[in-house]
Structure formats: C-alpha cells, structure tokens
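# Structural features, examined
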Amino acid sequence: GLLLLMVNGLSQKFLGRFYADLTSENLYSLSEGSKNIVSSLKFPVTISAYISKTDTTKYPAIKLYGDRVVSLLKEFERIGQGKLVLKIYDPRPDTDEESWAQKYGITPLTMPGGDKVYFGMAAVNGLGEEEVIPVFSLSRQEFLEYDITKAIYGLSREKKPVVGLIPSLYRDWE
C-alpha cells in the first residue's frame, strides 16, 4: 500500500501523464462509466473538497480514508483533462474555508475529543448549479466512486424544462 502510494507519487512527479494503479482492487482507478461521465462534461465542474487534514492525525481511520478520497478525486481531475478542477481545503476554525464549507452544507463530524472534522465536498458547474456530499461516510466506502460520479453526473446533464399547468386556462375548453 505505502509502496504503491510512493510509486504513484514519484511517477506523477516525474512521468506526468503516465499513471499506474497496482492495487489488486484497483482502488485508485475509475470505472469506465465514471470515465465516460467525466469525459462528456458539457460544462466545467469545480470540486471543492473540505477535508480536515490537521485534526485527523489523531484519528487514523479517517486520515487513511481521507487520503483515499483525495487520491480518487485527483484521478477524477486527471481524467477530466481540464473539464474538472479539484480544490482541496483544510477548514480550520474561524477561517474562510470553514465558512465556505458551512455555506455548502458540509457537515462537520464531532470526534470523541470534541474536535470538529470536515470531510465532504461541493461540486459546482459553470452555471452555478451545486451538488454536495456533506460527509464522506466511512460506512459507504465501497460506494465512494459512485457517490462522487453521481454528484458530477447531476451537474453534467442539461436540465429538462419544467412544465406547469394552470387550471384556470382549462375553463374555456369545457
């Protein structure tokens, strides 16, 4: 695991566009469906990940999962080839990052020691539409790629027009 992260980190730094996921479960590779959705984006999408780095050192499970989330989001950005931009924030108390996380509805986790840990994301497309994952739940780890892809897909499709019926207009037809 650690060797893989080192190899991926070094290869990304020195080889740039070349990428290898050597994990047996392909933890850091996207499915074809996710790749197709990202590559067919009509509008640029910015993903703002609000992940408390500083406060997670005391909670190894959350730190490890946070590293996995960030790696997967970076893979989405890589596949997006400029259509998808990733910004990662470490929201500290009383900062602009924390204010933005709260505005998007990112829900902080309250840890046993009283620490508040942010662990979610907001995706916004060029039209200003938003999709939010308030918390990357540890109980939904196996659905991580699905949840992120669903949020991106929600921003990629053109909205269908809403049709409303006005009952008073029907009186003349009777």
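The structure under discussion appears in the preceding block.
First things first, this report covers the structure right here in the doc. Position numbers for residues start from 1 in each chain and track the written sequence from start to end. In keeping with the predicted nature of the model, local features appear solely for residues at pLDDT of at least 70, side-chain atom pairs appear and are counted solely at 80 or more, and the whole-chain, interface and lining totals rest on all residues. Heavy atoms throughout the structure, all of them, feed into the side-chain values; hydrogens and water do not.

## What about the pattern of salt bridges?
To keep things clear, this is the line we draw: Any carboxyl oxygen of Asp or Glu that lies within 4 Å of a side-chain nitrogen of Lys or Arg is treated as forming a salt bridge with it. In this description a helix means any DSSP run of H or I spanning at least four residues, a strand means any run of E spanning at least two, and both kinds are numbered starting from the N terminus. Only protein chains enter the accessibility calculation, which uses a 1.4 Å probe; a residue is then buried when its area is under 20% of its type maximum, exposed when over 50%, and partly exposed in between.
One pass over the full model with this rule turns up 6 salt bridges. Two residues, K35 and E32, come together in a salt bridge whose shortest N-O distance is 3.7 Å. In this pair, K35 and E32 both sit in helix α2 (residues 32–39), 3 residues apart, roughly one turn of the helix. Its relative accessible area of 53% is what places E32 among the exposed residues. The closest approach of N and O atoms between D67 and K63, which form a salt bridge, is 3.4 Å. Within this pair, D67 and its partner K63 are both found in helix α3 (residues 60–80), separated by 4 residues, close to a single helical turn. When its relative accessible area of 25% is taken as the criterion, D67 is described as partly exposed.

## A short note on the sheet that holds strand β6 (residues 130–133)
Using the following cut-off: Two strands are counted as paired when DSSP detects at least two bridges linking them. Each axis is a line fitted through C-alpha atoms, and for a helix only the stretch in contact is used; angles between axes span 0 to 180 degrees, taken between their N-to-C directions. Residue contacts are defined here by distance: any two heavy atoms, one from each residue, within 4.5 Å place the two residues in contact.
Taken in spatial order, the 4 strands make up an open sheet running β2-β1-β5-β6, and their pairing is mixed. Every interior strand has two partners, whereas the edge strands, β2 (84–89) and β6, have only one. The mean angle between the axes of side-by-side strands here comes to 15 degrees, regardless of whether they run parallel or antiparallel. Summarising the sheet, strand β1 (residues 45–51) and strand β5 (residues 119–125) pair through 7 bridges and their orientation is antiparallel. Looking at β5, one finds that A49 is bridged to M121. Helix-sheet contacts for α3 involve β1, β2 and β5, and the interaxial angle to β2 is about 155 degrees. Each of β1, β2, β5 and β6 touches helix α4 (residues 96–104); the most contacted strand, β1, lies at about 115 degrees to it.

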